[in-house]
Structure formats: C-alpha cells, structure tokens
Amino acid sequence: MSIEEQYRTRAKELLSGGAVKMVIGYGKGSTSDRRRPLFISSTDEVDRLVLDDACIQNLSGYLVSEGLLSDEKRVAVFLRPEGIRAINILAAESQLDAEQIVIFGFDVIGTEVKALKGIHVEEFSDVINSIKKGAPEAKEEELFEKIEKMSPQERFSFWQEEFAKCIKCYACRQACPMCYCRRCIVDSNQPQWVNTSSHTLGNFEWNIVRAFHLSGRCVECGNCDRACPVNIPLRLINHRMAEEVLGAFDHFAGMSKTQEPVLASFKKDDSETFIL
Amino acid sequence: MAKIGVFICHCGENIGAKVDCTKLAAAMGEHPGVAVSVEYKYFCSDPGQESVKRAIRDNNLTGVVVAACSPRMHEATFRKACAEAGLNPYLCEIANIREQCSWVHTDSDQATEKAMDITRSMVEKVKRNNKLQPIEVPVTRRALVIGGGIAGIQAALDIANAGQEVVLVEREPTLGGHMAQLSETFPTLDCSQCIMTPRMVEAAQHPKIRLLTYAEIESVDGYIGNFSVRVRMKSRYVDIDKCTGCGDCITKCPAKKISSEFDCGLGKRTAIYTPFAQSVPNIPVIDKANCIYFKNGKCKICAKTCQCDAINFDMEDTFEDLEIGAIVVATGFQVQNNTMYGEYGYGKYPDVINGLQFERLASASGPTAGKILRPSDGVEPQTVVFIQCAGSRDPSKGVRYCSKICCMYTAKHAMLYSHKVHGGKTHIFYMDIRAAGKGYDEFSRRAIEDDEAAYLRGRVSKVWQENGKLMVRGVDTLLGRPVEIAADMVVLATAIIAQPDAKEFAKTIGIGYDEYGFYNEAHLKLRPVESSTAGVFLAGACQSPKDIPDSVAQASATASKVLALFSKDMLEREPVVATNNEATCAGCWGCVLACPYNAIEQKDILDRSGKVIKRVASVNPGLCQGCGTCVTFCRSNSLDLAGFTEKQIFAEVMGL
Ligand SMILES: Cc1cc2nc3c(=O)[nH]c(=O)nc-3n(C[C@H](O)[C@H](O)[C@H](O)COP(=O)(O)OP(=O)(O)OC[C@H]3O[C@@H](n4cnc5c(N)ncnc54)[C@H](O)[C@@H]3O)c2cc1C
Ligand code: SF4
Ligand code: SF4
Ligand code: SF4
Ligand code: SF4
C-alpha cells in the first residue's frame, strides 16, 4: 500500500472514530506540480488527500488559527520534519498543546515519499536529532557560499539590492508558522518603529526585524521564501541566523517541546564573545 | 501645551570651556515647546537649584531638562529640586553634555553641535514623560554574610552587635579562612590564631548570628531588601546536634595518610577530621573521597567509637531557604599555584615551598610545632632564599598586578626565621619593597637592621639541586652582577589570586568581576565596598589582595552599609517598572523566562463563563526591577517600561 493510501486510511479511521476533529493535509493545486492545503472534517473528503513529492508547504501554521484548538479536540496534520520541529517550538512558546496534535509525518528523499513513524511530537526526536547533525551541508547552496565569501560592504549592497524589491506585502510573515503575533511590531504605530512605506530604509528595517524575530526559531521550511512575490532569497538570511545560534549557543530550533527560547534564556557557560 | 525649562550648566570649566553654552541656550530657546532656556555656572549649587525652582513656579513649567553632568551624579539633586517646586520629579531629565560630550571632544564647534543634539533629544523625551510615584517595598532585616574568613566574621559581628540578624555561610567545615593558617602577623608579630580564634568563637556563640558551615550558596533571587537565597548544607556525615566534639573518632580513624589542606600538604590528617584543633564549630566531617567505608563498604570504626551515635553514613545534602535583606560577599582569595614557574622548581623540589606553607611551618599549631624544618628531611635549614613577586607583576606568566601583601609577609618570614634559627642566613630577592601602611616601613627596616635579612634587588632565573643544596641563580641589579646562592630552602612569595570559582560564583549572586576574578566595586574611590548590584556589598580579599587591617576595615564598612539599609522600614524604589499590553500580547511567555527577577507571571484571561479565552503575560510591579530585558525581548512590542516608554525613546531618537 502506498503511503498516500496508508495515510488516507488512517485519516478515515481517526475522523470516523472522532479521535480527531480535522485533518490538515494536501490536495491538488492549480497546476499539476502544485499542492494546496486541504482541511478535512468528514470521511467523505478523505480521498481528496494527496501525498507526493510536491507536498512541500509547512502546514503547522494553520494549527494556531484563532480558536481552532480552543475546544481541546485533536487535529491531525501532515508534516515534514521541519513542520514537526515547528510544532515543538509552538508548544514551547505556549501557542498550542502538543497533546492535541496528531502527526502524519513524512519526508521526501529525491522524489520518493517516506513515512515517518510516530503520532506525537516527542516520538520524532531521533529524526530531529539527525537533521541537527546533518544541518549545514544539507542546506547550503551556491548563492549562500557566494554571499559568505563577500566582504561586509559587498554583502550589504547585495541585500540592499534584494530588499529594494520588497513591496511590504508581508506574505513572508503570513506564510511563517512562527509569525503568530496578534499584532506584529510593524503594525504598531504608537510609535511607528518600522516605516510602513516600501523604500529601502523601511524595507531594511522590516527584513532585519524579521530576521531577528526568527533567529533561534526558524526551522527553514521555506514557506516565506516561496511566498515572496518578488523572490527575495529569505531562506539565506534565516539559514545564516540558524547557523549563528547553533554555533554560539548550540541551539537547534525545535528540538523539543520544552526547549527554552534562545533569546530569552541564558546558560552560565554561554560564550560572551559579543561583549567587548 | 508643553512648557519645558532647559537649564544649561557650565560645570565651571568642565562643560563651559568646550561647549558654547550661550549658543546652546539660544538654540534650545528656539525649540518648540521650550518656555525657558538659561545657562549658569553651577546649577547644582544652592543658588543654581533655587533658580530652577523659581523658573518652574514662575512659568508653570511642565517639564525640566538639565543639561549637565551624568545623571549618576545629580539626577537625584535636580529631581528633588523639582519636587520642592511642585513639579513631579519624574518630569525632570538630565542631558549628559559632560561625560558624553565636553570631556570626550576636542573641537569646540562639534562639541556644541553635539550638546544641542543631546539636549534637544531630552527635550523631546521629557515632553512625553508621565508623572510617576515611587514604589515602596519592605526590607527584610536579615543579612547574609558569605565567607567565614576574618572579613566575613568581622562583618557578621558588627551587624549582629547592632542587633540585626545575620546568617554566616562558610563552605569549609570551619570558620577562619586564611588567617587561621597564619603564624604571626605583620606588622606587630602577634600570633594569628590567638587573635583569630576568639573572634571565631564570638561569632559562633552570638545569639544574633546563625552559623552555617560546610554550606554553599545554591542560588540567589530577588533584589535589595528582599533576596531569597537557597543554601546547600553539604552532608558532614556527622550529626551536628549530637556530636560533642570529643574527637575520639578522629583518633581511631585508620585512614591517616591524607594530605592536610589546612597544612598546605605539609601535614597529614584522617578521613574524619576537623581542619585544625580550634576549628569552629568543633564538629568533624567525613571526607567521602578518602573514607575507607565509602571506598569499599567496610570500616565504620568512627561510628563504633562515637559515644553519641552522631555519625550517619546515610546523610544527604539538605537545603535551607533564607529570606535576606542584604548580602556581604567575603569569599577571600587563593594563592597561586607556582608549578607554572618550572624554573623555580616548585612542585619538583620538596624544599621549594610557598609563603603559606612557610606560615604553617612557623605556626605553633603547624605540622612541625613551629620549628622551621625543611620538608624533605626535617632538618633545620641554615640558609633560606625568599623570592618575592613570584607570579605577581609578571604579565607574561603570572598576573599583572601587585599582590600587595607579599613584601610584608616576606619580611615577616625572614624575621620569624631569624628568631627561630639562630645564625641562619636569609636572602630576599625583590623588585621593590612596598611597605606603605601604618608601621609597615618600620617593620621591614627592622627585618633588615635587627634581623639581618639580606635584600637583593633582582630576579631569580633558575633554581636547581646540586650536592644536597638548592642552587639559586639570579642577578643583583644594584651591583650589576650575577649571584648564585646555595640554599637549604626556597620560599616563593606567590601571587594572591581570586578564588578559582570566583567568576562562576559572581554569576550566581549577580555581581561584576574584573579580568582576574576579583569582584568589582561600584566606584573604586567613592563606593569601594558596594558591588554594582544594590544590596550586595564586598569585604576583604575577594575584591583585591588585602592584608588583615584592610580586610577588617572594609568589613566594618560593609556592616555600616547594611545597617543603614536596615534602619528603614520601607525602601523607596524608582517607579521604573514594566507593564504589559494584554490586548497585543501573544502569550509566548518568552518574557517570563527572560526576566532575571522572575517578575512576570502567566495569566489566563477568562470569559464570563470562566473559560480561558486567552493566555498572556502579567508583570508583578512589586518584583519588577525595571531592567527592561523583557521589553527588548518581546517581539510584539507589548511590554513597555515606565519612565522609558517606547514613545519616549522614540521621541528621544527622533529628536537627535
Ligand atoms: C602567606 C600569607 C601571609 C600573610 N600574612 C599576613 C600578615 O602577617 N598580616 C596581615 O595583615 N595579613 C597577612 N596575610 C593576608 C591575610 O591572609 C588576608 O588579608 C586575610 O586572610 C583576608 O581575609 P578574607 O576574609 O578576606 O579572606 P579569606 O581568609 O580567604 O577567607 C575567605 C573565606 O571564605 C570562604 N569562602 C570562599 N568562597 C566561598 C563560598 N563560595 N561560599 C562560602 N564560603 C566561601 C573560604 O573558605 C574562607 O574561609 C597573609 C596572606 C598570606 C597568603
Ligand atoms: S514577502 Fe517578500 S516582498 Fe513581501 S514583505 Fe516579505 S520580503 Fe517583502
Ligand atoms: S515579524 Fe515578529 S512581530 Fe511580526 S509577526 Fe513575526 S514574530 Fe511577530
Ligand atoms: S514576550 Fe511579549 S508577546 Fe510574549 S508573552 Fe511576553 S508580553 Fe506577551
Ligand atoms: S523590566 Fe521586565 S525583565 Fe526587567 S525586571 Fe521588569 S518585568 Fe522583569
């Protein structure tokens, strides 16, 4: 039985027995190579679920939609390892109760879809550990290497050019499971710290704020990068921040549902290289 | 409408010579919302303050900016003046145009320009200031003294004699610290233990002092007047309430060959032991690592010997939670391990010892009962070489600073030696003789003139063994020639260094330290016994190398600080506290973790039926110290700090 069929069967069982009130998965998209999120609450719809190598979106953000989990009923969700890490972070940041989340874990290797064993987030710690170990080389790409080699001035102008394109649509924020704030700092206008107009300064401010707010939290699912209509390579910023916190504090985002947020906690043996 | 008064102080020449105050006053007078802008030579003087008060009354000012020195100097002065004139003191701000401007710039025009920026920025801030009222918090009248050396004992006694409660915590099994190890003390040569032990006993018996020995500080939370401290009582394996201190167990313990820490490795002790005969309390501890029973499950001879059934091998560490109002840190020092000086042969030749070991040899209660005998063969040395600055004033291998006491104790050692070994010869290699202190120079002259200590100015390059002698090669820089001395014993005046765990410990109590691990005072000259954390004071050699008179003086000074604090029922605190906007809070609770004072709680917001609709953070203003950590952490900008609100800071930045 293919994984798609297995998961459809499991979804049917869970829904019919009332074990979960909803399954969040993937359905057909507007073109043959696209998938869109599917929210299913009855067994009749289960056969619309698709699971293949085109299922790339991290669906965890939908779990924190206002009111979804407040009835304490369970919700099932299709997640790649990054999505599973996101559940840990959301739980650690008190945005959801991990007990309520039933995971349909999968990973895509090449074009092959592989099931990940487990139901609750704690059961995936081995998977997460192994990505932590393999983290750097798996993600690195040519552009990243190129930027790393630049002088600070060159790098600044690279990003200046990239950010100049930003139209402040905040699609990156909407797509990010970690951007769950009720009121984002950019929408606060008393005072207006971040400029709303999309000129270079305002764009810089926004993107830097975003980078900082996600450091130690971003799981590199790529949602923001894919959402950006002007193709700013946001993944590179996030990856760099992830490397920084890993190197400086041995912090790999989403290791467990009790992991302390890196910017809110300190250990006595943290390196203090930033203190001059 | 804002009516701000701007008062520009010349601070004599300090500001006036660099910043064109007339130009600054004129420029500020033009700034929107400024009703008065004047300059004066010294606004902090009485007439200066009077003129500020008058200006407030005459113009109904809504805010005041004093452009002057750092707010650390005179913020309180001017806020008080404003209050006296009927203006809420928190509507007064200081623009620092001295430390941050006139003192650090050479170009007058640029300095004036910058002074304008700084002052304008504060004017913009003060327009958005709110009236605030100080917060009152109660004071717990109980002091914690950490470290039971002479400094800690003195501080504890002074506080207790004034009628206040003290908890004295010492991590070793006994009080005493280093002073208990010394033989006789400069500059008077009185016996150290004879003057120390009465103090130890007095501290232990004082009704106001609670003594916790063999105990360590586990954690410190809270703030001035209201610390909560957790103490770990390490298991002694001897019940302190049952033991009578008879010492039978010590006599019978078969593990007798353990090197004694108290005697700096020159003597031996048993596994159940008190560090020295006059230990306070006189209750032994079992050294688990060396106890035969703990090593291989058989022995318990001590338990069989004990008449009082005081020995308990199942004892475990326990914890004490203390409510404390003020803390005195008196954790002392260590002497440097000189094995790093391979050329001096310390650790290689048994007769090369350090100053502290010499103290033990010279001490009547020491391993040789006060006879100077060399460790290798117990023979009386006829020639002794002392090497000063062994580790001190040596940036390449040791420490850069002067250890302050070694010149004096080396002179003392030479004297003690010549008193005990008649006809013995002493040679002292030194860099300078630093003998500043009452009776100190006279003391070192006495060593030279009466006791024939031969001082040689120069460094030693090498010590080696030859024909049963320790050969010491150095230079006499005054005569400009190399010297070689055949000695029987070499004594190194090793550097005084911070406790090995000093930095770690500083983090536990939340105080600052220097690159060496000595604790930082709030101000080297004006606040030498206060740490930078309010309510935590420093006494003795934990702050810098010190002799006994200085340690004791500093300890008494900390006591007076503690007593001043305890003289009040309530402390007034700045109303600089955080508040949370529950409407925008995302309930991530990062701030709960980030707050170093545990001032933020989790709060459920319920609907009418009692159902949780939202979970948010909530700041307890009684606990908040206004550090602002949570404000910087909060991603959604929900937290704000009174006195430094986002609006104020934003206005300040935009005013630049
Ligand atoms: C060789 C030598 C000779 C000297 N001769 C003289 C002399 O003749 N005259 C003179 O005036 N001075 C002399 N001194 C200096 C004198 O020893 C010091 O001035 C004095 O001991 C300083 O006292 P203190 O209480 O600050 O520190 P210490 O004596 O070091 O006491 C500190 C105490 O704190 C305890 N402690 C440390 N950390 C902790 C912790 N975390 N928790 C609980 N307890 C802790 C330690 O166990 C110790 O008991 C000499 C020093 C040396 C090394
Ligand atoms: S999605 Fe792209 S364009 Fe839109 S706000 Fe983010 S970075 Fe700017
Ligand atoms: S960018 Fe920051 S403030 Fe805005 S939604 Fe994301 S985390 Fe919240
Ligand atoms: S950090 Fe901000 S958003 Fe998070 S709980 Fe605290 S106040 Fe709320
Ligand atoms: S300002 Fe914030 S972090 Fe600092 S003590 Fe107050 S509540 Fe805690």
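Definitions and limits used
- Residues numbered from 1 in each chain as written.
- Chains lettered and ligands numbered in written order.
- Predicted model: local features only at pLDDT ≥ 70, side-chain atom pairs only at ≥ 80, totals over all residues.
- Heavy atoms only, no water.
- Phe/Tyr/Trp six-rings, centres within 6.5 Å; stacked < 30°, edge-to-face > 60°.
- Helix = DSSP H or I, 4+ residues; strand = E, 2+ residues; numbered from the N terminus.
- Buried < 20%, exposed > 50% of the residue type's maximum accessible area, 1.4 Å probe, protein only.
- Salt bridge = Lys/Arg side-chain N within 4 Å of Asp/Glu carboxyl O.
- Pairing = 2+ DSSP bridges.
- Near = heavy atom within 4 Å.
- Polar contact = N/O pair within 3.5 Å; in protein donor to acceptor, adjacent residues only side chain to side chain.
- Areas by Shrake-Rupley, 256 points an atom, 1.4 Å probe, with all protein chains shown as cover.
- Domains from an automatic or database assignment.
- Contact = heavy atoms within 4.5 Å.
- Buried area = accessible area lost by both parts, 1.4 Å probe.
- Disulfide = S-S within 2.5 Å.
- Nonpolar A, V, L, I, M, F, W, Y, C, P; charged D, E, K, R; others polar.

## Side note on the packing of aromatic side chains
Turning to step 1, where the next piece is worked out: Scanning all chains against the criterion turns up 25 aromatic pairs over all chains.
Turning to step 2, where the next piece is worked out: Geometrically, the ring pair formed by tyrosine 401 of chain B and phenylalanine 518 of chain B is edge-to-face, given 5.6 Å between the ring centres and 75° between the ring planes. Highlighted residues: tyrosine 401 of chain B in the loop between strand S21 (383-390) and helix H12 (406-420) and phenylalanine 518 of chain B in the loop between helix H14 (502-509) and strand S29 (536-538), separated in sequence by 117 residues.
Turning to step 3, where the next piece is worked out: Note on phenylalanine 518 of chain B: relative accessible area 3%, which makes it buried.
Turning to step 4, where the next piece is worked out: Through a chain of ring-to-ring contacts, the aromatic side chains of Tyr7, Tyr26, Phe78, Phe104 and Phe106 of chain A assemble into a single cluster.

## Thoughts on the pattern of salt bridges
Side chains that differ in charge, positive against negative, can pair when their charged atoms come close.
Turning to step 1, where the next piece is worked out: Applying the stated criterion across every chain yields a total of 54 salt bridges over all chains.
Turning to step 2, where the next piece is worked out: When salt bridges with common partners are traced through the structure, they connect Glu75, Arg79, Glu93, Lys125 and Glu574 of chain B into a single cluster.

## Side note on the pairing of strand S18 (residues 326-329) of chain B
On any regular strand, side chains alternate: one points to one face of the sheet, the next to the other face.
Residues and elements named next belong to chain B.
Turning to step 1, where the next piece is worked out: Judged by which residues are buried, S18 turns out to be covered on both faces: Ala326 and Val328 on one side and Ile327 and Val329 on the other are all buried.
Turning to step 2, where the next piece is worked out: Sheet topology places strand S6 (residues 142-146) next to S18; four bridges connect them, and they run parallel. What sits directly across from valine 145, in S18, is valine 328.
Turning to step 3, where the next piece is worked out: Here S18 runs beside S29; their pairing, made up of three bridges, is parallel. Bridge pairing in S29 places valine 328 opposite phenylalanine 537.

## Some details on the site of ligand 1
Residue and element names in this part refer to chain B.
Turning to step 1, where the next piece is worked out: Among the 38 residues in the neighbourhood of ligand 1, the closest are listed as Glu170, His178, Lys412, Lys546 and Ile548.
Turning to step 2, where the next piece is worked out: Within the side chain of glutamate 170, one N or O atom sits 2.6 Å away from an oxygen atom of ligand 1.
Turning to step 3, where the next piece is worked out: Taking lysine 546, its main chain carries an N or O atom lying 2.6 Å from an oxygen atom of ligand 1.
Turning to step 4, where the next piece is worked out: Considered on its own, ligand 1 offers 1,000 Å² of accessible surface; in the complex 98% of this is hidden by protein.

## As for the domain arrangement of chain A
Residues and elements named next belong to chain A.
Turning to step 1, where the next piece is worked out: With domains assigned, chain A is organised as domain 1 (3-133) and domain 2 (138-249).
Turning to step 2, where the next piece is worked out: Computed from C-alpha coordinates alone, the two centres of domain 1 and domain 2 are separated by 26 Å.
Turning to step 3, where the next piece is worked out: Each partner contributes to the interface: domain 1 provides 15 residues, whereas domain 2 provides 13 residues.
Turning to step 4, where the next piece is worked out: When domain 1 packs against domain 2, the two sides together hide about 1,100 Å² of surface, and 60% of this comes from carbon and sulfur.
Turning to step 5, where the next piece is worked out: Counting every contact that joins domain 1 to domain 2 gives one salt bridge.
Turning to step 6, where the next piece is worked out: Across the salt bridge formed by glutamate 93 and arginine 217, the nearest N and O atoms sit 2.8 Å from each other.
Turning to step 7, where the next piece is worked out: Linking domain 1 with domain 2 are five residue pairs in polar contact (both at pLDDT 80 or more), by the criterion used here.
Turning to step 8, where the next piece is worked out: With five residues, helix H2 (residues 81-92) is the single largest residue contributor to the side of domain 1 that touches domain 2.

## As for the state of the cysteines
Turning to step 1, where the next piece is worked out: Summed over the entire model, instances satisfying the criterion amount to one disulfide over all chains.
Turning to step 2, where the next piece is worked out: There is no disulfide at cysteine 224 of chain A, and the cysteine sulfur nearest it, in cysteine 218 of chain A, is 6.2 Å away.
Turning to step 3, where the next piece is worked out: Here cysteine 406 of chain B is not cross-linked by a disulfide; its sulfur's nearest cysteine counterpart is in cysteine 402 of chain B, at 6.6 Å.

## Quick word on the site of ligand 3
Turning to step 1, where the next piece is worked out: Arg173, Cys179, Cys181, Cys184, Ile185, Trp206 and His213 of chain A together with Arg635 of chain B make up every residue found near ligand 3.
Turning to step 2, where the next piece is worked out: Chains contributing residues to the immediate surroundings of ligand 3 are chains A and B.
Turning to step 3, where the next piece is worked out: The class makeup of the residues in the shell around ligand 3 is five nonpolar, one polar and two charged.

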